[in-house]
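What follows is each chain in one-letter form.
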Amino acid sequence: MKSIIFATNNEYKVSEIRSFLHEDWNIITLKEAGIFMDIPEPHFTLEENAREKSLTIFQLTGQDCFSEDTGLETEALNGAPGVFSARYAGEPSSSVANIEKLLNALKGNDNRNARFRTVISIYLGGREFQFEGICNGTIAYEKMGGSGFGYDPIFIPDGASTSFANMTSAEKNSYSHRKKAMEKLIQFLNKEM
């Protein structure tokens with residue numbers, strides 16, 4: 001089994017990624033690697049923030065690692081909250097406050113088109129590679145469901161009749177932006193390793 005550091009301590013993301021990789025890979029979280037730091041996300045693009053996280057951990061450990069940054073981009077708000085999705089309503093980060101702020105920003109607007117976009121950055125042998133996954137959908141008018149995390153209760157992927165928060169993990173994975181990016185990463189790793 002091959003090991004790789006996933007530059008996150010977000011347990012939701014870790015379990016999602018582990019479900020994609022099955023038994024082929026041993027995913028090591030920052031905590032499991034003995035790294036207790038919050039990596040800054042100071043940039044204005046998902047690509048740069050993903051790179052910041054993977055490069056920081058690669059420079060710290062010298063080990064192959066990957067990270068991801070994900071944003072919810074709404075058409076009516078010119079792509080907002082985008083790269084600021086996790087802290088859209090300010091600090092400390094709160095999914096409840098973020099959802100409330102987004103629903104208020106879209107109040108009275110019939111254009112609910114949105115997409116989740118994930119960018120994965122991996123440092124492998126000292127070189128960086130990036131992969132993107134997109135899930136198009138719409139923003140609901142109110143919260144639907146109680147599972148998932150982040151904006152899941154208000155995001156309805158194209159082809160579905162309910163939000164991510166009303167889906168099982170398997171159902172969500174069939175649409176998932178993160179899974180699409182991970183599939184590209186896995187194909188790449190299978191060729192490279």
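Enquirer: Explain the pairing of strand β1 (residues 2–6) here, please?
Expert: In summary, the side chains of a regular strand alternate between the two faces of the sheet. Taken together, the 5 bridges between β1 and strand β2 (residues 25–29) define a ladder with parallel strand orientation. Paired with Phe-6 across the two strands is Thr-29, which belongs to β2.

Enquirer: I tried to follow the nonpolar core on my own but got confused; where do I start?
Expert: Within soluble globular proteins, side chains that are nonpolar generally end up buried alongside one another. Counting 20 residues, the largest nonpolar core has Ile-17, Ile-27, Phe-66, Ile-122, Met-182 and Leu-185 as its most contacted members. Among the elements of the structure, β1, α1 (11–21), β2, β5 (113–124), β6 (127–139) and α5 (177–192) are those that each provide at least two residues to this core. If you tally residues by element for this core, the top one is α5, at 6 residues. Ignoring sequence-local partners within four residues, the contact set of Met-182 consists of Ile-17, Phe-20, Leu-21, Phe-66 and Ile-120. Within the second largest apolar cluster, 16 residues are counted, among which are Ile-99, Leu-103, Leu-106 and Ile-139.

Enquirer: Would you take a moment to explain α1 for this structure?
Expert: Working note: α-helix, 3.6 residues per turn, so residues spaced by three or four point in the same direction. Those residues of α1 not exposed but buried are Lys-13, Val-14, Glu-16, Ile-17, Phe-20 and Leu-21. On an axial view of α1, the arc spanned by its buried residues comes to 165°, and they lie on one face. Residues of α1 that are buried sit in contact with β1, β2, β3 (65–74), α4 (169–173) and α5. Measuring from the side-chain oxygen of the N-cap residue of α1 to the backbone nitrogen of Tyr-12 gives 3.0 Å; that N-cap residue is Asn-10.

Enquirer: What am I meant to see in the pairing of β5 here?
Expert: β5 sits mainly inside the fold: 10 of its 12 residues count as buried. Both β3 and β5 contribute to a ladder of 10 bridges, which runs antiparallel. Its bridge partner lying in β5, Cys-65 is registered against Tyr-123. A loop of 2 residues connects β5 with β6, the two strands running antiparallel in sequence, and Gly-125 in this loop sits at a positive phi of about 60°.

Enquirer: Help me understand α5 in this model?
Expert: Helix length check: α5 (16 residues) gives 23 Å between terminal C-alpha atoms against 22 Å at 1.5 Å per residue, within 8%. The set of residues buried in α5 consists of His-177, Arg-178, Ala-181, Met-182, Leu-185, Ile-186, Phe-188 and Leu-189. Taken around the axis of α5, the buried residues stretch over an arc of 165°, which confines them to a single face. In this structure, α5 carries Gln-187 and Lys-191 as exposed residues pointing more than 90 degrees from its buried face. Buried positions along α5 lie against α1, β2, β3, β5 and β6. N-capping of α5 is provided by Ser-176, with a side-chain oxygen placed 3.1 Å from the backbone N of Arg-178.

The rules behind these values
Residues numbered from 1 in each chain as written. Predicted model: local features only at pLDDT ≥ 70, side-chain atom pairs only at ≥ 80, totals over all residues. Heavy atoms only, no water. Pairing = 2+ DSSP bridges. Helix = DSSP H or I, 4+ residues; strand = E, 2+ residues; numbered from the N terminus. Core = buried A, V, L, I, M, F, W, Y, C linked by side-chain atoms within 4.5 Å. Buried < 20%, exposed > 50% of the residue type's maximum accessible area, 1.4 Å probe, protein only. Contact = heavy atoms within 4.5 Å. Arc of directions from axis to C-beta. Polar contact = N/O pair within 3.5 Å; in protein donor to acceptor, adjacent residues only side chain to side chain. Expected span 1.5 Å × (residues − 1).

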